[in-house]
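A closer look at the structure
Chain by chain, the residues:
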Amino acid sequence: MYCARCGVELQKGVERCPLCSLRVWHPDLQEEKEPSLYPRYTEPETVSHGAVLFLLSFLFLLPALICLLVDLKLDGAVIWSGYVCFGLLTLYVWGCLPLWFRRPYPVVFFPVAMTAALLLALYISLKTGGHWFLSFAFPAGGALLLLVEAMIVLLRYTVGEKRHRALFILGGGLIGLGGFCLLLEFLLHVSFALPMLWWSLYPLTVLLLLGLLLIIIGLSPALRRSLHKKFFL
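This write-up is about the structure you can find in this document. (Residues numbered from 1 in each chain as written. Predicted model: local features only at pLDDT ≥ 70, side-chain atom pairs only at ≥ 80, totals over all residues. Heavy atoms only, no water.)

**Focus on the packing of helix α4 (residues 133–157) against helix α5 (residues 165–192)**
Contact geometry for α4 and α5: axes closest at 9 Å, N-to-C directions at 180 degrees. Compared by their axis directions, α4 and α5 come out roughly antiparallel. In terms of residue class, the contact of α4 with α5 is built from 19 nonpolar, four polar and no charged. (Axes fitted to C-alpha atoms, helices over the stretch in contact; angles between N-to-C directions. Helix = DSSP H or I, 4+ residues; strand = E, 2+ residues; numbered from the N terminus. Parallel < 35°, antiparallel > 145°, perpendicular 65-115°, else oblique. Nonpolar A, V, L, I, M, F, W, Y, C, P; charged D, E, K, R; others polar.)

Structure follows, in structure tokens:
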């Protein structure tokens with residue numbers, strides 16, 4: 001057996017070459033493992049998704065129960081704790097309820113969230129003795145729900161591979177949002193006798209121009225290609 005580096009003849013059983021100190025490979029010798037220069041990678045401990053959701057639910061439930069018990073103790077009835085409970089419930093529906101599902105569908109969850117917000121408005125209207133729910137909150141919330149839900153459905157089920165269709169949907173949604181601002185000012189005038197200052201014309205004009213711009217871009221393939229090259233849109 002000879003050294004692979006210098007060619008010196010080696011005696012049987014030697015571990016290194018006596019001339020160049022090259023380690024000799026031998027099937028009976030165990031390979032020495034050099035210490036690693038980097039720390040050993042360990043998988044991070046994963047936290048249970050369900051445990052986090054239960055913790056969040058408890059954090060929402062605990063202050064609601066505390067406020068309810070304190071209100072019953074001090075006043076003997078549900079006076080102010082109802083606002084806290086309904087407010088926390090609305091926040092939970094908007095922020096935590098979709099997390100319970102692997103694929104939360106906005107087509108379903110947005111109407112549920114808007115319904116929770118309308119129930120909160122109804123409770124406040126009833127507790128304060130106001131009559132603004134049917135004349136203001138319900139039509140305003142219903143119009144916003146129909147507008148956003150229509151955009152979500154169209155974006156989800158009609159765009160597909162033709163991405164330029166999203167420009168028409170977003171453009172129409174911006175124009176509809178401008179119309180919603182005008183409707184909102186009118187409902188405030190009817191419900192609370194506020195003067196019509198026509199402030200809604202400013203957002204209506206801006207949103208109308210932006211919506212028309214998106215529609216024009218959607219109608220022009222050359223303009224879309226130019227914007228895609230410049231801004232990667």
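That shown, we press on.
**A word on the packing of aromatic side chains**
All chains considered together, the criterion is met by eight aromatic pairs. Ring centres of tryptophan 94 and phenylalanine 110 lie 6.2 Å apart, and the angle between their planes is 90 degrees; on these two criteria the pair is classed as edge-to-face. Of this pair, tryptophan 94 sits in helix α2 (residues 81–95) while phenylalanine 110 sits in helix α3 (residues 106–128), and the two are 16 residues apart along the sequence. When the ring of phenylalanine 133 is compared with that of phenylalanine 138, the centres are 6.1 Å apart and the planes differ by 45 degrees; the resulting orientation is tilted. Among the aromatic residues, those joined into a ring-pair cluster are Tyr83, Phe86 and Tyr123. (Phe/Tyr/Trp six-rings, centres within 6.5 Å; stacked < 30°, edge-to-face > 60°.)

**Brief notes about the environment of histidine 189**
Its place among the elements puts histidine 189 in helix α5. With 53 residues separating them along the chain, histidine 189 and phenylalanine 136 place their C-alpha atoms 9.5 Å apart. Ignoring anything within four residues of it in the chain, the contact list for histidine 189 reads Leu194, Pro195 and Met196. (Contact = heavy atoms within 4.5 Å.)

**Observations regarding the nonpolar core**
With seven residues, the main nonpolar core is built from Ala121, Phe133, Phe136, Ala137, Ala140, Phe180 and Leu187. Those elements giving two or more residues to this core turn out to be α4 and α5. Broken down by element, this core gets its largest block of residues, four residues, from α4. Contact partners of phenylalanine 136, with chain neighbours within four places excluded, come to Leu184, Leu187, Leu188, Ser191 and Phe192. (Core = buried A, V, L, I, M, F, W, Y, C linked by side-chain atoms within 4.5 Å. Buried < 20%, exposed > 50% of the residue type's maximum accessible area, 1.4 Å probe, protein only.)

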